[in-house]
Amino acid sequence: MKRSVITSAAGAMLLVSSCGEADEANVEPNMGAAETKEEADIRPTSDNPGRDEDRQSPVLEGEMGFFFNPGDRGPTLSYGVANTDNIAVNLRCPAGGMGETLLVYFNRPAGIVSQRPDTLTLAAGEAELQLSIERRSTQLGTTVQVQTDPASAPIRAYRRGASLKVRYGEETIVIPSESEDENVRSFFDACAV
C-alpha cells in the first residue's frame, strides 16, 4: 500500500511540474482564452477516416462570434464558435504592453505549421502588413503568433469597419468587422488603443 501511494505521489508531482508557465512574457501560453483544439477541428476524409494532418485550415462549424476575456495576462478577443474549442483566431494585448503590443495567435497541427512560411499577413481594407511568426508546441498543436502595434494600418482599418484577414500560407482567416459589437469595443477599450 505504501509503495503505490509513493508511486502515485511521484506521478502527480511529475504531472504538475510539466505544466509550468511560458518563459517569455509575450508568448501566449494557451491560458485565459479559448483555443483551437486539434482534435475538434479535424474532419475525416475518404482517404483517412481518422486524423487529417494534411488539411490546410480548421473546420469551424457553427455560428461564429466574438468573445471578450479581460484576463490576468491582458485582455483577449477570440473569434470562434461559442462553447467550443473551435477558435479561428485570438487577439491579445499583453499586460505590461497595453497600447503598444497586440498579439494575434491561433493553433494548428504541427504537420501543417512545418509546411507553412515563417510569416503571415494581416490585411484590412487597402492595408497589408507582413509579420514574422513565432511558433510554440502545445498539447493542442502548434501556436502560431505574431506581434504588431495596435495602431498598425490593418488594425486601424479593422476598427473603422473593414474585415480583418489573416493570411497564413494557403489559408485565409476572415474576421468580419463588428466594430459595434460589445465584445470588440470592450477589447479595444481594455487595450487602451
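The rules behind each value
Residues numbered from 1 in each chain as written. Predicted model: local features only at pLDDT ≥ 70, side-chain atom pairs only at ≥ 80, totals over all residues. Heavy atoms only, no water. Helix = DSSP H or I, 4+ residues; strand = E, 2+ residues; numbered from the N terminus. Buried < 20%, exposed > 50% of the residue type's maximum accessible area, 1.4 Å probe, protein only. Contact = heavy atoms within 4.5 Å. Areas by Shrake-Rupley, 256 points an atom, 1.4 Å probe, with all protein chains shown as cover. Pairing = 2+ DSSP bridges. Axes fitted to C-alpha atoms, helices over the stretch in contact; angles between N-to-C directions. Disulfide = S-S within 2.5 Å. Polar contact = N/O pair within 3.5 Å; in protein donor to acceptor, adjacent residues only side chain to side chain. Phe/Tyr/Trp six-rings, centres within 6.5 Å; stacked < 30°, edge-to-face > 60°.

Across its full length, the chain holds four helices and ten strands. Reading the chain from its N end, one meets helices and strands in the order α-β-β-β-β-α-β-β-β-β-α-β-β-α. Split into buried and exposed, the 193 residues of the chain put 41% on the buried side. Counted over contacts in the chain with a minimum sequence separation of 6, partners at least 24 positions apart contribute 55%. Accessible surface, the chain as shown: approximately 10,300 Å² in total, 50% of it carbon and sulfur.

Pairing is antiparallel in the open sheet, where four strands are placed in the order β6-β5-β9-β10. In this open sheet, the two edge strands, each paired with only one partner strand, are β6 (127–132) and β10 (171–175). Strand-to-strand twist of the sheet, defined as the mean angle between neighbouring strand axes without regard to direction, takes the value 20 degrees. Bridge count for strand β5 (residues 119–124) against strand β9 (residues 164–168) is four bridges, and the pairing is antiparallel. Opposite alanine 124, over in β9, you have leucine 164 as the bridge partner.

Before going further, it helps to examine the pairing of β5. Look at any regular strand and the pattern is simple: side chains alternate between the two faces of the sheet. Of all six residues that make up β5, five are buried, and the element is covered over most of its length. As judged from the six bridges shared by β5 and β6, these two strands associate in the antiparallel manner. Bridge pairing links threonine 119 to serine 132 in β6. The hairpin turn running from β5 into β6, its antiparallel successor, is two residues long, and glycine 125 in that turn takes a positive phi close to 60 degrees.

Take the state of the cysteines next. Linking two cysteines covalently through their sulfur atoms gives a disulfide. For the structure on display, the rule yields one disulfide. Disulfide pairing places cysteine 93 opposite cysteine 191 at an S-S distance of 2.0 Å. Judged by the sign of its S-S torsion, about 110 degrees, the bond between cysteine 93 and cysteine 191 is right-handed. Residue cysteine 93 is located in the loop between β3 (87–92) and β4 (102–108), and its partner cysteine 191 is located in the segment after α4 (182–190); the two are separated by 98 residues in the primary sequence. Cysteine 191 matches cysteine 93 in its accessibility class, with the two residues each being buried.

The subject of this paragraph is the environment of glycine 161. By the secondary structure assignment, glycine 161 is in the loop between α3 (153–159) and β9. Taking C-alpha positions, glycine 161 is 8.9 Å from alanine 124, a pair spaced 37 residues apart along the chain.

Once that is clear, we can look at unusual backbone geometry. Keep in mind that most residues, glycine aside, have a negative phi and that most peptide bonds are trans. With a phi angle near 60 degrees, asparagine 83 is a residue other than glycine that sits in the positive phi range. Relative to the assigned elements, asparagine 83 resides in the loop between β2 (76–81) and β3. Classification of asparagine 83 as exposed rests on a relative accessible area of 84%.

On the secondary structure map, threonine 143 appears in strand β8 (residues 141–148). Residue classification places threonine 143 among the buried residues on the basis of a relative accessible area of 2%. A polar contact is formed between the side chain of threonine 143 and the side chain of asparagine 107, at a distance of 2.6 Å.

Moving on: the packing of aromatic side chains. Throughout the structure, instances matching the rule amount to four aromatic pairs. An angle of 40 degrees between the planes, with centres 4.9 Å apart, marks the rings of phenylalanine 66 and tyrosine 79 as tilted. Taken as a pair, phenylalanine 66 in strand β1 (residues 64–69) and tyrosine 79 in strand β2 lie far apart in primary sequence, 13 residues in all. Here tyrosine 79 falls in the buried class, since its relative accessible area comes to 11%.

Everything listed here is a matter of coordinates, which is why it stays silent on function.
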